[in-house]
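One letter stands for each residue in the lines below.
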Amino acid sequence: MAIKQVILAVFALMGSTAMAAPSGLPAPLTDDDFRPIDPAEAALGQLLFYDPILSGARDVACATCHHPRFGTADGLSLGLGDGGIGLGTDRVADKDNLPEERIPRNAPALFNLGIKDLRVLFHDGRIAVDDTRPGGIRTPLDEDMTAGFASLLSAQTMFPVLSPDEMAGHYTESDVARAVRQGVLTGQGGAWDIIARRVADIPAYAQMFRDVYPHVQQPDDIAFTDISNAIAVFMEEEWRSDNAPFDAVLRGQADLPPLAATGMDLFYGRGGCSDCHSGPLLTDQDYHAMGAPQIGPGKKARFETLARDEGRAEVTGLPEDMFAFRTPSLRNVALTAPYGHAGSHADLAAFVADHADPVAALARYDAGQAVLPALDVEDDSIMSDPAEVAAIAAAVTTPPVVLSPDDVTALVAFLDSLTDPAAVKGRLGVPDAVPSGLVVP
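Before going into details, it helps to say that this report is about the structure given with it. Quantities reported herein were computed from a predicted structural model and do not represent experimental measurements.

## Some remarks on the overall build of the chain
So, step 1. On a plain count of helices and strands, the chain comes out with 17 helices and seven strands.
So, step 2. Here the C-alpha radius of gyration of the chain, 22 Å, is about what a compact globule of 441 residues would show, namely 22 Å.
So, step 3. Taken along its principal axes, the extent of the C-alpha atoms in the chain is 70 × 50 × 40 Å.
So, step 4. Buried residues in the chain amount to 54% of all 441 residues.
So, step 5. Residue pairs in contact within the chain that sit at least 24 positions apart in sequence constitute 67% of those at least 6 positions apart.
So, step 6. Total accessible area on the chain is roughly 18,900 Å²; 54% of this is exposed by carbon and sulfur atoms.
So, step 7. Charged side chains of the chain number 31 positive and 62 negative; the gap between the two group centres comes to 2 Å.

## Regarding the sheet that holds strand 3 (residues 120-121)
So, step 1. Ordered in space as 3-4-5, the three strands form an open sheet in which the pairing is antiparallel. If you trace the sheet from one side to the other, it starts and ends with strand 3 and strand 5 (137-138), each paired once.
So, step 2. In the sheet, strand 4 (residues 127-129) pairs with strand 5 via two bridges, with the strands oriented antiparallel. Bridging from a neighbouring strand, Val129 pairs with Ile137 of strand 5.

## Here's the deal with the packing of aromatic side chains
So, step 1. Per the stated rule, a full pass over the model turns up 13 aromatic pairs.
So, step 2. Taken together, a centroid distance of 5.9 Å and an interplanar angle of 10 degrees make the contact between Trp192 and Phe224 stacked. In this pair, Trp192 sits in helix 7 (residues 191-200) while Phe224 sits in helix 9 (residues 224-238), placing the two residues 32 residues apart along the sequence. Residue Trp192 shares its accessibility class with Phe224, and that shared class is buried.
So, step 3. Arranged with centres 6.3 Å apart and planes meeting at 75 degrees, the rings of Tyr268 and Phe414 form a pair that is edge-to-face.

## Side note on the state of the cysteines
So, step 1. The final tally for this structure, using the stated rule, is zero disulfides.
So, step 2. Of all cysteine sulfurs in the structure, the one in Cys65 sits closest to Cys62, which takes part in no disulfide; the separation is 9.3 Å.
So, step 3. Relative accessible area serves as the criterion here: at 12%, Cys62 is assigned to the buried category.
So, step 4. Relative accessible area serves as the criterion here: at 11%, Cys65 is assigned to the buried category.

## A few points about the environment of Leu250
So, step 1. Within the fold, Leu250 resides in helix 10 (residues 245-250).
So, step 2. Considered as a pair, Leu250 and His345 are 95 residues apart in the sequence and their alpha carbons are 30 Å apart.

## Considering the pattern of salt bridges
So, step 1. With the rule as written, the count across this model stands at 18 salt bridges.
So, step 2. In this structure, Asp124 engages Arg126 in a salt bridge whose closest nitrogen and oxygen atoms are separated by 3.1 Å. In this structure, Asp124 and Arg126 share a single accessibility class: buried.
So, step 3. Residues Asp354 and Arg364 are paired through a salt bridge, measuring 3.0 Å at the closest nitrogen-oxygen approach. Residue Asp354 is found in helix 13 (residues 348-356), and its partner Arg364 is found in helix 14 (residues 358-364); the two are separated by ten residues along the sequence.
So, step 4. Here the salt bridges share partners, and the residues they tie into one network are Asp31, Arg240, Asp242 and Arg251.

## So, helix 13
So, step 1. Residues Leu348, Phe351, Val352, Asp354 and Ala356 constitute the buried set of helix 13.
So, step 2. Buried positions along helix 13 lie against helix 14 and helix 16 (405-416).

Conventions we followed
The residue count restarts for each chain, going from 1 along the sequence in the order it is written. With pLDDT at 70 or above as the cut-off, local features in this predicted model cover only qualifying residues; side-chain atom pairs require 80 or more to be listed or tallied, and sums for whole chains, interfaces and linings still use all residues. Calculation of side-chain values draws on the structure's entire complement of heavy atoms; hydrogens and water are dropped beforehand. Secondary structure elements follow DSSP: runs of H or I no shorter than four residues count as helices, runs of E no shorter than two count as strands, and numbering proceeds from the N terminus. Radius of gyration: over C-alpha atoms. The globule rule applied is 2.2 Å multiplied by the number of residues raised to the 0.38 power. Accessibility here uses a 1.4 Å probe with only protein chains present; expressed as a share of the type maximum, an area under 20% marks a residue as buried, one over 50% as exposed, and anything in between as partly exposed. We call two residues in contact whenever any of their non-hydrogen atoms come within 4.5 Å of each other. To measure how exposed things are, a 1.4 Å probe is used in the Shrake-Rupley method; for residues, cover is taken only from the protein chains shown. None of His or the chain ends enter the tally, which takes Lys and Arg as positive and Asp and Glu as negative. Just so you know, the charge point we use is NZ for Lys, CZ for Arg, CG for Asp and CD for Glu. We call two strands paired when DSSP finds no fewer than two bridges between them. Each aromatic pair joins two rings of Phe, Tyr and Trp (for Trp, the six-membered one) with centres within 6.5 Å, and gets the label stacked for planes under 30 degrees apart, edge-to-face for over 60, and tilted for any other angle. Cysteine sulfur atoms are paired as a disulfide whenever they fall within 2.5 Å. Only one rule defines a salt bridge in this text: a Lys or Arg side-chain nitrogen within 4 Å of an Asp or Glu carboxyl oxygen.

Distances and angles like these do not, on their own, reveal function.
Shown next as structure tokens:
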């Protein structure tokens, strides 16, 4: 019997006062939905994830912008990578090494990235499964893509280290940044190779790679793909999330409290949320223009001045993809504020309310609710331009949904039921130290 039928039968047995389970509930996640994990590989990846050795100036780790203390993100609307000091909402610009810009998009959470059905990553989906490309993965590097990445998640890991605003830094600061500036990314002497040689020169890492990967016989055999593969396996193990109260409902083991159950009914019914937030991850892994406000520098080349972020159209060049962004997973969403591709909303209830009628919400958006470390840059150039706001609004095709304040409260209660304490805490945790001897975020 299908799980939905089981749940419906349980409610029927409870009597007429019980709330009927909504239609459209996904099947529960099982071990078969996730890639298998090698514990030794995950342990190696844990150290690399928290080690700033991977950044150009050796001061930014993956964990700087994706920390368990902030729901595997950074608690900021738009973060500061290179040129920042501190962690999460305490992070500030380094007066002696000011960032050129904020990171242009909100740091996404890292839950359930080990699921086998993972098809796209990044807000614009610029990394995706594509059987026509080398290694079965499409990335901005196209035909220059290095072989050897074991998964889509592993391929994603290689890009933050190449971003000047995230981990690479300014071209005057390091050999990695200079290689990025020159466009030398792959091959001997490329940015990835420089990073791999740094890691290989640390005896503890060299030994761990020999122990984990049979093809690594000596330090020179360590490639950036090995580093990336290990980090990916760590993330898959650390933040697997399938034991939230919602998962107990899907398995027929429990019911939600009344308010959350009302929210679930709205989510899968009149609210229309599940039209996009479908499946066990609560995402269709597709792209939709939902009128989220645009703050910060936008996605632009260094020589461009317009702060616009065109979303999926940045990848496809298609007019119909303008201002469309990937549907985010809602796993542990109550802990991953701020919300939106640019982190426009610090409060989940406010985002839900505005998301229901995004066109009307754009007209009243107050950028004061964003969480932005002080930096002498212009953050509201798009939202202060009526023509730009109108263009974002015109891309929205989803009809508005009328939600009362009580509806919003119920929906947020349901979203709270997606929080998995084990996933939020993590399984290996934050290491006390890393083999490079650098400071752990």
